[in-house]
Amino acid sequence: MLAEDLATAIAHYREHGYARLGKVCPDEQIEGLRARADEVMLGEVVYPGLFFQHDTTTGAYYDLTYGKGWQGPSLAYRKIEKLEKDPLFSAWVNDAIFRQLTAAVIGPDVVLYRALLMNKGAQGGTHLPFHQDGGKFWGLDRDPQLQVWTALDDAPEDAGCVEVLPGSHRDGLATPMGGVVPTEKVAAADAEPRVVKLPAKAGEVLLIHNHLWHRSGVNTTGQPRKAFTVCYMDAATRCLRTKKAPRQFVRVFTSASG
Ligand SMILES: O=C(O)CCC(=O)C(=O)O
């Protein structure tokens, strides 16, 4: 990607809270990631310590269940975290384009908060309400600012593409906890008429500010809608949790590594 195109995308992300990088992941690499995601869901490729959340059958966010882990082979897992353990996903996380991007947005020393699959299976997936990815719920001494979302399958509007409220990142957190934006705040912001839908083709990348209000609907296409989303952050960020040992974050880029 040309340096001036990246700079234009970063300027858009800073102003509006999101940006399109275009189709920056080559087809062959996307096909590998898509196949690997299926292999992980089906239990054909296994890494200890992955986080799995299966999807609902209702499409309702509040029907999601937690803490069950891998529940057997299924292409209807909604979320799989810690995919940096897989060499194909790790290679994409560490791609040179993201070194350039994170150097400009975060600085030279970068760690991962998370690298996860967001899947809306062919059976429909689940409605994801407006939310922000930060706040006390994340347990950090500062909120990360940069998420990189890669479409592994085509994600047209009717597959439940990402939808955003432009500029909403500039108002900070809607609640100190972060996460789902309360419905009364969504109504008060008169969000609906200002929502921008971001349909994407496989291999396209979106930048999403952690404080941007974003959401996605259910998938009515009968085809899977898989995406891989990575949250990068400054290596100086500290985990504040006290019930367990504080998290140590996986290093991605360092000023020393050239
Ligand atoms: O893929 C989606 O539906 C939503 C992704 C998302 O919320 C994120 O990347 O933070």
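Note: the structure precedes this text.
All of these numbers come straight from a predicted model, not from anything done at the bench.

Asker: I'm lost on helix α4 (residues 96-105) in this one. Help?
Answerer: Along an α-helix, a turn takes 3.6 residues, which lines up residues three or four apart on a common side. Within the span of α4, buried status applies to I97, F98, L101, T102 and V105. Angular distribution of buried residues about the axis of α4 spans 120°; they occupy a single face of the element. The backbone nitrogen of I97 has a side-chain oxygen 3.0 Å away, supplied by the residue at the start of α4, namely D95. At the C-terminal side of α4, G107 shows a positive phi close to 135°.

Asker: Please clarify how the site of the ligand should be interpreted in this entry.
Answerer: Surveying the vicinity of the ligand reveals the residues R114, M118, K120, L128, H131, D133, Q147, W149, H214, S216, R225 and T229. Within the side chain of Q147, one N or O atom sits 3.4 Å away from an oxygen atom of the ligand. Interatomic distance of 2.8 Å between a side-chain N/O atom of T229 and an oxygen atom of the ligand. Starting from 290 Å² of accessible surface for the ligand in isolation, the protein chains cover 98%. Elements with a contribution of two residues or more to the shell around the ligand: β4 (110-120), β5 (128-132), β6 (146-151), β11 (214-216) and β12 (225-234). No other element matches β4, which puts 3 residues into the shell around the ligand.

Asker: Teacher, can you tell me more about the pairing of β4 here?
Answerer: When a strand is regular, its side chains alternate between the sheet's two faces. The buried count for β4 comes to 11 of 11 residues, which makes it a mostly enclosed element. With 2 bridges joining them, β4 and strand β13 (residues 251-253) adopt antiparallel strand pairing. In the sheet register, V110 faces β13, and the bridge partner there is F253. With 10 bridges joining them, β4 and β12 adopt antiparallel strand pairing. The partner of A115 across the bridge, within β12, is V230.

Asker: Looking at this structure, how should I read the pattern of salt bridges?
Answerer: Should the charged atoms of two oppositely charged side chains come close, the side chains can pair. The final tally for this structure, using the stated rule, is 13 salt bridges. For D153, the salt bridge identified is with R34, shortest N-O distance 3.2 Å. Here the residue D153 occupies a position in the loop between β6 and β7 (162-164), and R34 occupies one in helix α2 (residues 27-41), the gap between them amounting to 119 residues. When its relative accessible area of 26% is taken as the criterion, R34 is described as partly exposed. Here K79 makes a salt bridge to E81, at a shortest N to O gap of 3.9 Å. Each member of the pair, K79 together with E81, is buried. When salt bridges with common partners are traced through the structure, they connect R34, D38, D153 and K226 into a single cluster.

Asker: Sorry, what's going on with the pairing of β12 here?
Answerer: In terms of burial, β12 is a largely internal element, 9 of the 10 residues being buried. Note that β6 and β12 share 6 bridges and pair antiparallel. In the strand pairing of β12, W149 is matched with T229.

Asker: Where do I start with the environment of P48 in this structure?
Answerer: As for its placement among the helices and strands, P48 is situated in the loop between α2 and β2 (51-54). Exposure remark for P48: the relative accessible area of 68% places this residue in the exposed category. Placed 37 residues apart in sequence, P48 and K85 show a C-alpha to C-alpha distance of 8.9 Å.

Asker: I keep staring at the side chain of D55 and nothing clicks. Help me out?
Answerer: As for its placement among the helices and strands, D55 is situated in the loop between β2 and β3 (77-81). Here D55 is buried and forms no salt bridge, its nearest opposite-charge partner R78 lying at an N-O distance of 4.8 Å. In terms of polar contacts, D55 uses its side chain to reach the side chain of T126, at 2.4 Å.

Asker: When you look at the nonpolar core in this model, what are you seeing that I'm missing?
Answerer: The nonpolar side chains of a soluble globular protein tend to be buried with one another. Of all hydrophobic cores here, the largest spans 40 residues; its most connected members are I80, F98, L101, L207, F228 and Y232. Sort the elements by how many residues they give to this core and α2 lands first, with 5 residues. The next biggest cluster of nonpolar side chains, apart from the first, holds 12 residues, and it includes Y18, V164, A200 and L212.

Asker: I'm lost on a positive patch on the surface in this one. Help?
Answerer: Side chains of K82, K85, R241 and K244 sit close together on the surface and give a patch of like positive charge. Residue placement: K85 occurs in the loop between β3 and α3 (87-93). Since its relative accessible area comes to 39%, K85 is described here as partly exposed.

Cut-offs applied
- Residues numbered from 1 in each chain as written.
- Predicted model: local features only at pLDDT ≥ 70, side-chain atom pairs only at ≥ 80, totals over all residues.
- Heavy atoms only, no water.
- Buried < 20%, exposed > 50% of the residue type's maximum accessible area, 1.4 Å probe, protein only.
- Helix = DSSP H or I, 4+ residues; strand = E, 2+ residues; numbered from the N terminus.
- Arc of directions from axis to C-beta.
- Polar contact = N/O pair within 3.5 Å; in protein donor to acceptor, adjacent residues only side chain to side chain.
- Near = heavy atom within 4 Å.
- Areas by Shrake-Rupley, 256 points an atom, 1.4 Å probe, with all protein chains shown as cover.
- Pairing = 2+ DSSP bridges.
- Salt bridge = Lys/Arg side-chain N within 4 Å of Asp/Glu carboxyl O.
- Lys, Arg positive; Asp, Glu negative; His and termini not counted.
- Core = buried A, V, L, I, M, F, W, Y, C linked by side-chain atoms within 4.5 Å.
- Patch = residues over 30% accessible without salt bridge, like charges linked within 9 Å, V, L, I, M, F, W, Y side chains within 5 Å.
- Charge placed at Lys NZ, Arg CZ, Asp CG, Glu CD.

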